[in-house]
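Take a look at the letters that make up each chain.
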2 protein chains.
Amino acid sequence: MLIPRALLFDTFGTIVDWRTSLIDELTAFGLKRGIHADWAALVDAWRGAYVPSIDEVRQGRRPWTKLDDLHRATLDRLVEKFGIIGLSEAELRHINRGWHRLRPWPDSVPGLTRLKQHFIIAPLSNGNVSLLVNMAKYTGLPWDTIFGSDLFHHFKPDRETYLGACELLDLQPEQVMLCAADGQIFWPEDSLHRTAVGIWDLEADEAWDIIATSVENLADQLTDQVTLQGLGTTSKQ
Amino acid sequence: MLIPRALLFDTFGTIVDWRTSLIDELTAFGLKRGIHADWAALVDAWRGAYVPSIDEVRQGRRPWTKLDDLHRATLDRLVEKFGIIGLSEAELRHINRGWHRLRPWPDSVPGLTRLKQHFIIAPLSNGNVSLLVNMAKYTGLPWDTIFGSDLFHHFKPDRETYLGACELLDLQPEQVMLCAADGQIFWPEDSLHRTAVGIWDLEADEAWDIIATSVENLADQLTDQVTLQGLGTTSKQ
């Protein structure tokens, strides 16, 4: 296997646990504000609108709109649908920025910290840069840089995102590995490395480079490869 | 003073010592390759071409060209001018990427590490993203994200760079502080914070927010402000 120079990570689901984080935060908010609602259902509906709203932009039915603003439009609709009344603009804004405060899975920070010693690591996410920077500050994710979709004015799986990140890193696609835990990694060219992090049912004919059970297990496997091939670290950290 | 949320740093000169780094590297290269040349003069001429070549782009006389490519065009010219012969393409490319391997001043990493606990920290540099990512990997600069000029297709002091970084961070200019050690901080709006890091002759009428003697001293002064104003950290790190 060709050792990659950079690892680009899917973020929602792969690195952070959006569902539990948002449900916990909204449940606490509801208790404090005395608002009773089915917060779990609201969170699921919120995420459920993710692909359709992104597809509106991808298919040209809506001009470029960053994810924070797509989230907010969906939230405004769901608040009404769930019969939640009396929220101030500041409260709606705070709730919407819950996506900036998602908690990492337990393996994310230790795994990424190890991978950073050998590779450039960055999110390649449909989130916007500010969302991803704030998330990293909040949770201690040790990214080398941040690739948000607003850098490209495209959402994954548009090829402009993957190839745009490669261009900014001055790397060829075959030097870059995509890492995602949802079992649905899209990539624009066969030359781009693919990896899979997490446990799920994989189609046997998928040409994954690595199948890992966690980010820490990915670090184990890639570190083994680096050692086998006698490569040094790219970092003094 | 309004406490900033993000600190954007000038890089060449402020954070890394481009001159000594390049002279040392080229001197070692020359010894190894048996090439005698006035490497210090070459490095000074290389940097001397920086502003003119950037101005060509800024004034529309040259289409957008990233700094690596401007550096390379200058290097090719200087190699000929200094009578250096026999360099391979790989050697020229390696020399040009010396700008990715610049060493930090002694105060840079400890100062930035402390500032990162309270603020978003990023370079806002005329370097391209790959140059700045590689430099950070090489030296351990703990940036939260990287703002290279290729994100904006503009070089400082074009206002698109400063305001582009604010937009990506979803911050107003008055929430962002520019930090530079060259005594020549340009900014597009009076509302942008200015700071000065380093020792030099300052004009008394410059409206600096902070005058610091080092990045560590900047951390001292800003941490005092955070404590005085009773603000928490923005990071768990």
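Because the structure is predicted, anything quoted here is derived from the model rather than measured.

Engineer: Is there a simple way to think about the domain arrangement of chain A in this case?
Structural biologist: Where the parts come together, the accessible area they lose is often given as the size of the interface. All names here are of chain A. Assigned domains of chain A: these are domain 1 (6-16 + 103-228) and domain 2 (18-100). Contacts between the two partners involve 16 residues from domain 1, matched on the other side by 11 residues from domain 2. Along the lines of polarity and charge, the residues of the side of domain 1 that touches domain 2 split into 6 nonpolar, 7 polar and 3 charged.

Engineer: Is there a simple way to explain the nonpolar core in this structure?
Structural biologist: Soluble globular proteins tend to bury their nonpolar side chains together. Counting 94 residues, the largest nonpolar core has Leu7(A), Leu8(A), Ala122(A), Leu7(B), Leu8(B) and Ala122(B) as its most contacted members. Not counting residues up to four positions away in its chain, the partners in contact with Leu8(B) are Ala122(B), Leu124(B), Phe147(B), Ala165(B), Val176(B), Leu178(B) and Cys179(B).

Engineer: What exactly am I supposed to notice about helix H6 (residues 108-115) of chain A here?
Structural biologist: It helps to recall that an α-helix has 3.6 residues per turn; residues three or four apart then point in one direction. Residue and element names in this part refer to chain A. Within the sequence span of H6, burial applies to Ser108, Gly111, Leu112 and Leu115. Down the axis, H6 shows its buried residues gathered within 95° of arc, on one side only. As for H6, its buried residues are in contact with strand S1 (6-9), strand S2 (120-125) and helix H9 (215-228).

Engineer: Could you clarify how one ought to interpret unusual backbone geometry in this entry?
Structural biologist: It is generally the case that most residues other than glycine have a negative phi and that most peptide bonds are trans. Residue and element names in this part refer to chain A. With an omega of 5°, the peptide bond between lysine 156 and proline 157 qualifies as cis. Within the element layout of this structure, proline 157 appears in the loop between strand S3 (147-148) and helix H8 (159-169). Here the phi dihedral of histidine 153 falls at roughly 55°; this positive angle occurs in a residue that is not glycine. Within the secondary structure, histidine 153 is located in the loop between S3 and H8. If you check the backbone angles, aspartate 170 has positive phi at about 55° while not being a glycine. Secondary-structure assignment places aspartate 170 in the loop between H8 and strand S4 (176-180). Judged by the 19 C-beta atoms lying within 10 Å of it, aspartate 170 is partly exposed.

Calculation rules
Residues numbered from 1 in each chain as written. Chains lettered and ligands numbered in written order. Predicted model: local features only at pLDDT ≥ 70, side-chain atom pairs only at ≥ 80, totals over all residues. Domains from an automatic or database assignment. Contact = placed C-beta atoms within 7 Å. Nonpolar A, V, L, I, M, F, W, Y, C, P; charged D, E, K, R; others polar. Core = buried A, V, L, I, M, F, W, Y, C linked by C-beta atoms within 7 Å. Buried ≥ 20, exposed ≤ 12 C-beta atoms within 10 Å, placed from the backbone. Helix = DSSP H or I, 4+ residues; strand = E, 2+ residues; numbered from the N terminus. Arc of directions from axis to C-beta.

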